[in-house]
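The primary structure of each chain is shown beneath.
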Amino acid sequence: MTITIAGEKKEYAEGTTIAQIIEAEKVENPLYVTVSLNDDFVDKDTFDTTIVKEGDSIEFLYFMGGGSF
């Protein structure tokens, strides 16, 4: 199946989960990543059970704090 990850079309097997994609894409700091699936945030507790479907779009987001003047 074809899905879009960070704006790039990629091929994955049917039945692939968010957790498997995080591993396959070698996501930096997977414990701290937030995942958007079709513009909806995915609860970290469901990464292992959320199955991606044909045409889905995934974004990996990192929220950073800090900064001062």
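Whatever comes next refers back to the structure up there.
Figured I'd write up the structure that's included with this text. (Residues numbered from 1 in each chain as written. Predicted model: local features only at pLDDT ≥ 70, side-chain atom pairs only at ≥ 80, totals over all residues. Heavy atoms only, no water.)

### Some details on the nonpolar core
Thought 1: Counting 16 residues, the largest nonpolar core has I3, I21, I22, V35, I58 and F60 as its most contacted members.
Thought 2: Among the elements that take part in this core, helix α1 (residues 18-24) stands out by supplying 3 residues, more than any other.
Thought 3: Beyond its immediate chain neighbours, meaning those up to four positions away, I21 contacts I3, I5, Y12, T16, V52, I58 and F60. (Core = buried A, V, L, I, M, F, W, Y, C linked by side-chain atoms within 4.5 Å. Buried < 20%, exposed > 50% of the residue type's maximum accessible area, 1.4 Å probe, protein only. Helix = DSSP H or I, 4+ residues; strand = E, 2+ residues; numbered from the N terminus. Contact = heavy atoms within 4.5 Å.)

### Comments concerning the side chain of T50
Thought 1: Considering the arrangement of structural elements, one finds T50 in the loop between β4 (40-42) and β5 (57-61).
Thought 2: Using a relative accessible area of 17% as the deciding quantity, one classes T50 as buried.
Thought 3: Reaching out from T50, the side chain makes a polar contact with the backbone oxygen of T46 at a distance of 2.8 Å.
Thought 4: Not counting chain neighbours up to four residues away, the residues in contact with T50 comprise T16, T17, I18, L37 and V42. (Polar contact = N/O pair within 3.5 Å; in protein donor to acceptor, adjacent residues only side chain to side chain.)

### A closer look at the pairing of β5
Thought 1: What you see with β5 is a clean split: I58 and F60 sit on the buried side and S57, E59 and L61 on the side with no burial.
Thought 2: Pairing of strand β1 (residues 2-5) with β5 involves 2 bridges; the strand directions are parallel. Looking across to β5, one finds that T4 is bridged to S57.
Thought 3: Pairing of strand β3 (residues 34-37) with β5 involves 4 bridges; the strand directions are antiparallel. (Pairing = 2+ DSSP bridges.)

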